[in-house]
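Residue-level listing of the chains:
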Amino acid sequence: MSKDKIPRLFDGSVNELTKPSRPKKLEEKVKLKSKDLKKEKKQKTLYISLDMNRKLIELYGEEGRRQSAIVEDAVNLYYYLKLALGEKKFNELMSAVKREDPEFLREYMGRFKL
């Protein structure tokens with residue numbers, strides 16, 4: 001066999017093979033992180049009461065959605081209600097919710113102007 005028939009796999013030096021790849025620009029990394037933040041799966045450990053678990057299972061059955069989607073909706077609702085109402089009004093609303101009386105809560109929510 002002659003040298004011409006042996007294929008050349010690499011034309012550069014060993015240093016080029018072993019040098020680290022170029023790091024992405026910081027801006028690109030930040031954009032990618034913020035874009036994937038909502039889609040990235042996180043391990044969640046929720047410590048909830050048996051009653052709360054029953055309610056979650058009931059919602060899961062009624063809604064036909066994933067439990068994680070229901071939990072995310074609940075967190076978003078809690079977060080934005082707290083921002084929108086302010087601390088005092090939000091605490092009042094939470095005390096009304098803790099009564100676990102849908103009629104009372106309906107009346108209470110009727111006082112809010114949308």
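Residues numbered from 1 in each chain as written. Predicted model: local features only at pLDDT ≥ 70, side-chain atom pairs only at ≥ 80, totals over all residues. Heavy atoms only, no water.

Notes on helix α4 (residues 67-98)
Point 1. When the terminal C-alpha atoms of α4 are compared, their 22 Å separation across 32 residues is substantially less than the 46 Å that a helix rising 1.5 Å per residue should span.
Point 2. Of all the bends found along α4, the most pronounced is centred on Gly-86 and spans about 120°.
Point 3. Looking only at α4, the buried set comprises Ala-69, Ile-70, Val-71, Phe-90, Leu-93 and Ala-96.
Point 4. Where α4 is buried, its residues contact α3 (50-63) and α5 (102-110).
Point 5. Two residues or fewer past α4, Glu-100 is found with a positive phi of approximately 55°. (Helix = DSSP H or I, 4+ residues; strand = E, 2+ residues; numbered from the N terminus. Expected span 1.5 Å × (residues − 1). Bend = angle between axes of the 7 residues up to and from the residue. Buried < 20%, exposed > 50% of the residue type's maximum accessible area, 1.4 Å probe, protein only. Contact = heavy atoms within 4.5 Å.)

Quick word on the layout of surface pockets
Point 1. Of the voids in this model, the largest pocket is the one considered here, and its volume is about 1300 Å³.
Point 2. Contributing to the lining of the largest pocket are 30 residues, with Met-52, Lys-55, Leu-59, Ala-74 and Val-97 lying nearest its centre.
Point 3. Of all the secondary-structure elements, those providing two or more residues to the lining of the largest pocket are α3, α4 and α5.
Point 4. If one sorts the elements of the lining of the largest pocket by residue count, α4 sits on top with twelve residues.
Point 5. Partitioned by chemical class, the residues of the lining of the largest pocket number 19 nonpolar, no polar and eleven charged. (1 Å grid on protein atoms, 1.4 Å probe; cavity = no way out; pocket = protein on both sides within 12 Å on 5 of 7 lines; lining within 4 Å. Points joined across faces, edges and corners; volume = space filled by probe spheres on them. Nonpolar A, V, L, I, M, F, W, Y, C, P; charged D, E, K, R; others polar.)

Some words on unusual backbone geometry
Point 1. The phi angle at Glu-100 is positive, at roughly 55°, despite the residue not being glycine.
Point 2. Mapped onto the fold, Glu-100 is located in the loop between α4 and α5.

Side note on the packing of aromatic side chains
Point 1. The tally for this structure, following the rule as stated, stands at two aromatic pairs.
Point 2. Considering the side-chain rings of Tyr-78 and Phe-90, the 4.8 Å spacing of their centres and the 85° angle between planes classify their relative orientation as edge-to-face.
Point 3. The lysine or arginine in question, Arg-99, covers the ring of Phe-104, its NZ or CZ lying 3.9 Å from the ring centre. (Phe/Tyr/Trp six-rings, centres within 6.5 Å; stacked < 30°, edge-to-face > 60°. Lys NZ or Arg CZ within 6 Å of the ring centre and 35° of its normal.)

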